[in-house]
Amino acid sequence: VTTTILGDLLTLVASLPFLGLPQMSGGEDASPAPVAEKLRGRAFWEVDQSELAFRMLCRRYGTELCYTPMLHSRMFSSQPKYRKEQFSTCPEDRPLFAQFCGDDPATVLAAARLLPAGSVDAVDLNCGCPQGIARKGHYGAFLLSEPDLIEGIVRKLDQELSFPATVKMRLVNANELQDSLNLASRLEAAGASVLCLHGRTKEMKGQSTGPCDWDAIAAVKRRVGIPLIANGGIQKFEDVERCLLHTGCDAVMSSEALLENPALFAGPASSSRKPFQDDLALEYMGLAKLYSTPHKQIKAHMFHFLYAGLQLHTDLRAQLGQAKGFDELHAAATAFRERRIEDRAKGSSWPDTGWYLRYREPLGGDEKKKRKAAEMASTIAASAPSEKVARGTEESVAEAAEN
């Protein structure tokens, strides 16, 4: 996942039993560091998990492993400016997997070798991105129908790098599980040390998302001998344990739900560690300032964090959308927090989250109808308060409430 802000933004994982990972070698000016025999598969896993500010916020609330944003291997290997803008980390940002997209083994390998020495713990090949840009660029989930190609990239990374290679993938198709089982086995044989499987196909996105197939993930887990991360269907903390029990996987990943709620892994909703979304937004702003996060990325995160409340306070949605620069974004987030504090003081039952379920359970259906009707009634009554118009107003209000 990386920067379309959604499918390509980032992914993070909880419940990972890492204790320590071998340091990688590489970097533009770094000669390969001497390393002992490379650990693979479960040996790598058991010795020890996408812009920096967001990763650090998630780590504060229980996330153990983070992935970088999806990095384009061709651009990363050929453009120093792209590398500088797209990859950043800090000593506390560990464990960390750098995820690349690409369709050429040599290019992906060249990109991986340009990572700063000791900066990540593994390199991941993204075969899970379902976005249109991935189709156009011939990468992500659109490589799943070309198992020979994916296998070749993984084998190249495993043979040439001194640190582990991992793969993120989706179900190959919805009707034949065997295709996914076969691909997982081939990737393990090619040298993948960890697989992450999203229990949906590339066609299952947006309004066609549908349920995540944990049974399919469980079947793949039984097939492979390397760690498997389950991805998909994680809306709240309680889903983490359910998924682990159902699939038998070694860890659980969240992407979209975590984009909205970086504290998802902090514990149940009743946990004292659970902050409100408006508090998370301001906490993120502090980290974004510390790590010099581009304003475009900050604004995208704000719309994820504050989605539910912005459906209620549409004036603040406009203010946030028009904000330019850090100070204006911070002012909008502060105004939002003050408004939500007032809501809670009045006993408002308006939910704090809703972006993750925006296609399946849109917020405020009935409330929006009532508000629209009330606004229409107020407008008509103010412009023509006669008895005849008043009767028409009642009819209009009833019609609005039905539409």
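Rules used throughout
- Residues numbered from 1 in each chain as written.
- Predicted model: local features only at pLDDT ≥ 70, side-chain atom pairs only at ≥ 80, totals over all residues.
- Heavy atoms only, no water.
- Phe/Tyr/Trp six-rings, centres within 6.5 Å; stacked < 30°, edge-to-face > 60°.
- Buried < 20%, exposed > 50% of the residue type's maximum accessible area, 1.4 Å probe, protein only.
- Lys NZ or Arg CZ within 6 Å of the ring centre and 35° of its normal.
- pLDDT = per-residue confidence, 0-100.
- Contact = heavy atoms within 4.5 Å.
- Salt bridge = Lys/Arg side-chain N within 4 Å of Asp/Glu carboxyl O.
- Helix = DSSP H or I, 4+ residues; strand = E, 2+ residues; numbered from the N terminus.

*Asks:* Hey, could you run me through the packing of aromatic side chains in this one?
*Replies:* Scanning all chains against the criterion turns up five aromatic pairs. Here phenylalanine 76 and tyrosine 82 contribute two aromatic rings whose centre-to-centre distance is 6.4 Å and whose plane-to-plane angle is 90°, an arrangement assigned as edge-to-face. You'll find phenylalanine 76 and tyrosine 82 in the same group, each marked buried. In textbook terms, an aromatic cluster arises when at least three aromatic residues are bridged by ring pairs, as seen for Phe54, Tyr284 and Phe305. Over the ring of tryptophan 355 we find arginine 358; its NZ or CZ atom is 3.9 Å from the centre of that ring. A cation over an aromatic ring shows up here: arginine 360 above the ring of tyrosine 356, its NZ or CZ 4.9 Å from the ring centre.

*Asks:* Which parts of the structure should I look at to understand the confidence of the model for the protein chain?
*Replies:* When pLDDT drops low, the exact placement of atoms in the prediction is not to be read closely. Chain-level pLDDT for the protein chain is 84 on average; 78% of the residues reach the 70-or-more range. Confidence drops under a pLDDT of 50 for residues 1-35, and excluding neighbours within four residues, the segment shows 145 contacts in the predicted structure.

*Asks:* Which parts of the structure should I look at to understand the pattern of salt bridges?
*Replies:* Note that side chains of opposite charge can pair when their charged atoms are close. Counting across every chain of the model gives 20 salt bridges. With its nearest N and O atoms 3.2 Å apart, the salt bridge here joins glutamate 160 to arginine 113. Of this pair, glutamate 160 sits in helix 7 (residues 147-160) while arginine 113 is found in helix 5 (residues 105-113), placing the two residues 47 residues apart along the sequence. Since its relative accessible area comes to 36%, glutamate 160 is described here as partly exposed. Three or more residues are tied together by salt bridges with common partners; here these are Asp148, Glu151, Arg155 and Arg186.

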